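Topology and contacts: notes
Listed here are the chains, written in short residue letters.
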Amino acid sequence: MAYQVIGIGNAVMDVISTAADAQLDRLGVQKGIMQLIERDRAEVLTHASNGARLIPGGSVANTLAGLGRLGLSTAFIGRVAGDDLGLAYARDMGADGTDFVNAPLDGADLPTSRSIIFVTPDGERSMNTYLGISAELDERDVDAGLFSGGSWLFLEGYLFDKDKGKAAFLKAAEACHAAGGQAGIALSDPFCVDRHREDFRRLVAGPMDYVIGNIHEWQALYQVEDLEEALRLASADCGTVICTRSGEDAILIRGGERVTAPVHRVTPVDATGAGDQFAAGLIYGLAQGRPLAVAGRMGCIAAAEVIGHVGARPEADVMALFRAEGLA
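The notes below deal with the structure included here. (Residues numbered from 1 in each chain as written. Predicted model: local features only at pLDDT ≥ 70, side-chain atom pairs only at ≥ 80, totals over all residues. Heavy atoms only, no water.)

A closer look at the layout of surface pockets
- Its boundaries defined by the atoms lining it, the second largest pocket holds a volume of some 160 Å³.
- Lining of the second largest pocket is provided by L36, I37, E38, L110, T129, Y130, L131, G132, A135, E136 and K162.
- In the lining of the second largest pocket, the residues fall into six nonpolar, two polar and three charged. (1 Å grid on protein atoms, 1.4 Å probe; cavity = no way out; pocket = protein on both sides within 12 Å on 5 of 7 lines; lining within 4 Å. Points joined across faces, edges and corners; volume = space filled by probe spheres on them. Nonpolar A, V, L, I, M, F, W, Y, C, P; charged D, E, K, R; others polar.)

Examining the side chain of N102
- When you line up the elements, N102 lands in the loop between β6 (98–100) and β7 (113–119).
- There is a polar contact of 2.8 Å between the side chain of N102 and the backbone oxygen of D141.
- Among residues more than four places away in sequence, those in contact with N102 are F76, I77, G78 and D141. (Helix = DSSP H or I, 4+ residues; strand = E, 2+ residues; numbered from the N terminus. Polar contact = N/O pair within 3.5 Å; in protein donor to acceptor, adjacent residues only side chain to side chain. Contact = heavy atoms within 4.5 Å.)

Some words on the nonpolar core
- F76, Y89 and F322 are the most contacted members of the largest nonpolar core, which has 57 residues in total.
- It is helix α11 (residues 292–306) that contributes the most residues to this core, eight residues altogether.
- In contact with F322, not counting residues within four places along its chain, are L70, G281, Y284, M298, I301, L327 and A328. (Core = buried A, V, L, I, M, F, W, Y, C linked by side-chain atoms within 4.5 Å. Buried < 20%, exposed > 50% of the residue type's maximum accessible area, 1.4 Å probe, protein only.)

As for the sheet that holds strand β14 (residues 257–261)
- The nine strands lie next to each other as β6-β5-β1-β9-β10-β11-β12-β13-β14, forming an open sheet whose pairing is mixed. Two strands lie at the open edges of the sheet, namely β6 and β14, each paired on one side alone. In this sheet, neighbouring strand axes are inclined to one another by 20° on average, regardless of whether the strands run parallel or antiparallel.
- Relative to strand β5 (residues 74–77), strand β1 (residues 5–8) runs parallel, the two sharing four bridges. (Pairing = 2+ DSSP bridges. Axes fitted to C-alpha atoms, helices over the stretch in contact; angles between N-to-C directions.)

Remarks on unusual backbone geometry
- Backbone geometry at Q223 places phi at a positive 55°, although glycine is not the residue there.
- Mapped onto the secondary structure, Q223 falls in the loop between α8 (215–222) and α9 (227–237).
- Here S246, not a glycine, exhibits a phi torsion of approximately 55°, which is positive.
- Within the secondary structure, S246 sits in the loop between β12 (240–245) and β13 (248–254).

Quick word on the packing of aromatic side chains
- Scanning all chains against the criterion turns up eight aromatic pairs.
- Taking the centre distance of 6.5 Å and the plane angle of 10° together, the rings of W218 and Y222 count as stacked. In this pair, W218 and Y222 are both assigned in helix α8, four residues apart and thus about one turn of the helix distant. Accessibility classification places W218 together with Y222 in one group, the buried group.
- Here Y284 and F322 contribute two aromatic rings whose centre-to-centre distance is 6.1 Å and whose plane-to-plane angle is 35°, an arrangement assigned as tilted. Residue Y284 is located in helix α10 (residues 274–287), and its partner F322 is located in helix α12 (residues 318–324); the two are separated by 38 residues in the primary sequence.
- Overall, the relative accessible area of 0% leaves F322 in the buried class.
- Pairwise contacts between aromatic rings join F76, Y89 and F100 into one cluster. (Phe/Tyr/Trp six-rings, centres within 6.5 Å; stacked < 30°, edge-to-face > 60°.)

Details of the environment of G281
- With respect to the helices, strands and loops of the structure, G281 is situated in helix α10.
- The class for G281 is buried, based on a relative accessible area of 0%.
- Along the chain, G281 and A167 lie 114 residues apart, while their C-alpha atoms are 28 Å from each other.
- Ignoring anything within four residues of it in the chain, the contact list for G281 reads A295, M298, G299, A302 and F322.

Structure follows, in structure tokens:
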């Protein structure tokens, strides 16, 4: 099958349950933050999440879910174990319209990655993330034949924390370009940029055709305080540069063209997934050959929809929202 968009990222199952503050205290969970945990702790907290909702997560996976709901054929390259969570992850991604192309690994040394999220009555989310097997993804997980249709490739910066993840990235980008596709990355967060600045600089100036980042990520990448200087340096390195600015208009630069995409302010219910769905709307527009300003506005619409409810994936018909503005 020829896929229009292929993503590579961390396959992290979100295990979401409600909890009272007293339960968080008993479990020793620090309220309202995200912390990385080890395997034993992950097993304890997973067991404590009775009646939890399981939702396949991870930044790129959320973007692919948004693209799938917009009607594009999508595939996700990731690694899960052949345990209950891994089997559910692969199955549920497929049910949401994205093919999970790597078979769950039976007898794996590490279990499936998960983020155990406790939601208290005041709406605070306390996230406990175990990186697990997804962080072990390597170039063997990348089938170059997937890119035969000239697909768009989308990567997340988080996988650069391990050399094997970098190798998988580069193999995928090479296969994408060989098939006539376009490869891009989300910078993920400023701390990720700080950890991998030199690698990211080489990516932006090399195999990446489009790069998405927010103000803080672009400033961190080029180590400058002035956003305009960061964007000048970025656009000298990369063909298509996208900068999101929270509640302000997004900036998109491609070659000699520079446009802004208007953001209509909304009060966020849950900001989780805003960047992921911005990427979905943007990549949809770019992959469909729409003008740069239209693709940017599509990204803003998709982001606004997802912050209007709890959860990182769209609930409304985003294509209908595009049509309402005459974009589709």
